[in-house]
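The primary structure of each chain is shown beneath.
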Amino acid sequence: MKKLINDTADVVSEALVGIGAAHADLLRVDLDKKTIMRADGPIQGKVALISGGGSGHEPMHGGYVGMGMLDAACAGEVFTSPTPDQMEAATKAVDGGAGVLHIVKNYTGDVMNFEMGAELCQAEGIAVEAVVINDDVAVQDSLYTAGRRGVGTTVLAEKLCGAAAERGDDLQAVANLCRKVNDQGRSMGMALTSCTVPAAGKPTFELGPNEMEIGIGIHGEPGRERMELKSAREIVAMMSEAILSDLPFESGDQVIALVNGMGGTPLIELYLIYNELNQICQARGITIARQLVGNYITSLEMAGFSITLLRADEEMLVLWDAPVHTPALRWGV
Amino acid sequence: MISIENLLTWLIALQTTYLENKQYLTDLDAAIGDADHGINMERGFTAVKQKIEATDHNDVGSLLKITAMTLISTVGGASGPLYGTFFLRASTACARKTTLTNAELVNMFDVGLQGVVQRGKARLADKTMIDALTPALEAMTQALENGASLTNILQAGTDAAEHGMQQTIPMLAKKGRASYLGERSIGHQDPGATSSYLMLKTALDVWGNEET
């Protein structure tokens, strides 16, 4: 294993200290509870937003803490959910009296840990709402699976709901917006390589030189299908078909598009992917009204990408354009 | 009869068990999950060991509660809430007790299992830890009713858990991260069922043949 680390046991803590030091104007870090919080919080009268999950997906979620987005992000070990005591502490620390929204990605561990954390806070009279993001079309949503995973739509939900909270929407309204974003967002990912969890020391799975994994999650968990590597055009066509037909997206729709790198894919390839996606959308009469291209929800050093499309109404576009000031997203300020 | 000292011995031995099986459990998890189960269990029980060795214990319930709260705050993933809930419920079944009869011990495991079922919402044959624990509890209850010794009760439970664990290999996962794999989860032994089997096996190893 080749990694720029000191001790595997210290990876998460040392990275947290680093992000705190690099963005001291925006963030403060509670190292004991492995939580990143807005430096200027709690904001009285504003609904607070908390997310969290395993580490290894940077900049998500800590990079999205700041004005117009999250109030706190709880970090677990690499690819491991944070624990209920972290969510409890974060919720109490950021509550400005208007309640707290937990944005949870649909993974068994995350859901159970956030549930326990919310129960602890509700028992003390703090208003907590939770919305579970489950946008990954690669997973069949049925009684026979843990349900669809939460992936790229999470980033878009954090931005849009953060803007809604900032303008003064109440907890119910922000939670409803989050559910709406989740309902209208769809994603799918793929990998060219595996990734290595520092504490595990070896790749989570092996892929041959001419193989790719379609429908990959963000934890190095294998996807649904392994196949021979194809051209970017064929891969994007395959993935966008799965995404577009699922909602389904229709001619005349406006979307916010996220072409996301998994951590080990150069930007030149992501822009090439965006070009393919843009052409497919144009041919179908779908307008990409806003977009992000880059590494926003990663899987350590995995090479690969994911596509997220969110059907957006005018209100969502207004919220998208609203000012945001976080380590990873910044505009309008 | 199981004393507080016996329980301490078991909980401390679990740290050794999960340390020795850290790689094994992580490898099983790499096949159908996210390659961290052994790492998380070892981290959790190392914290439990440190915590319970540093404190005096007057009753079984509070010892198990400390174990539960430590697991909840250190394990993470799905295993944290599941094993945490197991020990939390087990602790309520042993409140203010200083010893456990064989019947009380079996009841402790059973109440813990019911907590896991509630928290995880899994059913038998979903390829989870309850596929090891449910048959184990059936076998232990049966052995108890037959008047078996503690060793024989634990032997029956461990054997049934081991069989249940092996039975997860051909199963299609319906819960947890392995369920994302669909058909590809078939052919792999469930890591959670394996760590549950190890929990019982460790009880047999430390309490068996210690005719109490």
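Further up the page is the structure itself.
Please read all numbers here as calculations on a predicted model, not as lab measurements.

(A) View of the sheet that holds strand β4 (residues 72–78) of chain A. All names here are of chain A. Spatial strand order, β1-β2-β4-β3-β5-β6: six strands in an open sheet with mixed pairing. On the outer flanks of this sheet lie β1 (27–30) and β6 (128–133), each paired with one strand and no other. Direction aside, the axes of adjacent strands within the sheet are offset by 20° on average. Here strand β5 (residues 100–105) runs beside β6; their pairing, made up of six bridges, is parallel.

(B) Seen up close, helix α9 (residues 191–207) of chain B. With 17 residues, α9(B) should reach 24 Å at 1.5 Å per residue; the first-to-last C-alpha distance of 24 Å fits that figure. Directly after α9(B), the chain includes Asn209(B), whose backbone phi takes a positive value near 60°.

(C) Region of interest: the packing of helix α5 (residues 79–93) of chain B against helix α6 (residues 102–120) of chain B. All names here are of chain B. In the contact formed by α5 and α6, the axes pass within 7 Å of each other and the chain directions differ by 140°. By the angle class used here, α5 and α6 are oblique. By crossing handedness, the relation of α5 to α6 is classed as right-handed. Taken together, the residues of α6 that come into contact with α5 (itself represented by Pro81, Leu82, Thr85, Phe86, Phe87, Leu88, Arg89, Ala90 and Ala93) are Asn107, Met108, Val111, Gly112, Gln114, Gly115, Val116, Arg119 and Gly120. Of the residues assigned to the contact of α5 with α6, the class counts are 10 nonpolar, six polar and two charged.

(D) Focus on the environment of Pro42(A). Residue and element names in this part refer to chain A. Relative to the helices and strands, Pro42 is located in the loop between β2 (35–38) and β3 (48–55). Take Pro42: there are 19 C-beta atoms within 10 Å of it, and that puts it in the partly exposed class. Residues Pro42 and Ala72 lie 30 residues apart in sequence; the distance between their C-alpha atoms is 9.8 Å. Among residues more than four places away in sequence, those in contact with Pro42 are Ala48, Ala93, Val94, Asp95 and Gly96.

(E) Molecular detail of the pairing of β2(A). Residues and elements named next belong to chain A. Across four bridges, the pairing between β1 and β2 is antiparallel. Bridged to Arg28 within β2 is Met37. Relative to β4, β2 is paired through three bridges, and the arrangement is antiparallel. Within the sheet, the bridge partner assigned to Thr35 lies in β4 and is Cys74.

(F) Region of interest: helix α7 (residues 267–283) of chain A. All names here are of chain A. The end-to-end C-alpha distance of α7 is 24 Å, a good match for the 24 Å that 17 residues give at a rise of 1.5 Å each. Those residues of α7 that sit buried are Ile273, Tyr274, Glu276 and Leu277. Buried residues of α7, seen end-on, are gathered within an arc of 165° and therefore sit on one face of the element. Of the residues in α7, the exposed ones pointing more than 90 degrees away from the buried face are Leu267, Ile268, Tyr271, Gln282 and Ala283. Looking at the buried positions of α7, the neighbouring elements they touch are α6 (232–246), β10 (254–261), β11 (287–294) and β12 (304–311). Following α7 by one or two positions, Gly285 has its phi on the positive side, about 75°.

Conventions and cut-offs
Residues numbered from 1 in each chain as written. Chains lettered and ligands numbered in written order. Predicted model: local features only at pLDDT ≥ 70, side-chain atom pairs only at ≥ 80, totals over all residues. Pairing = 2+ DSSP bridges. Helix = DSSP H or I, 4+ residues; strand = E, 2+ residues; numbered from the N terminus. Axes fitted to C-alpha atoms, helices over the stretch in contact; angles between N-to-C directions. Expected span 1.5 Å × (residues − 1). Parallel < 35°, antiparallel > 145°, perpendicular 65-115°, else oblique. Left-handed = near helix turned anticlockwise from the far one by under 90°. Contact = placed C-beta atoms within 7 Å. Nonpolar A, V, L, I, M, F, W, Y, C, P; charged D, E, K, R; others polar. Buried ≥ 20, exposed ≤ 12 C-beta atoms within 10 Å, placed from the backbone. Arc of directions from axis to C-beta.

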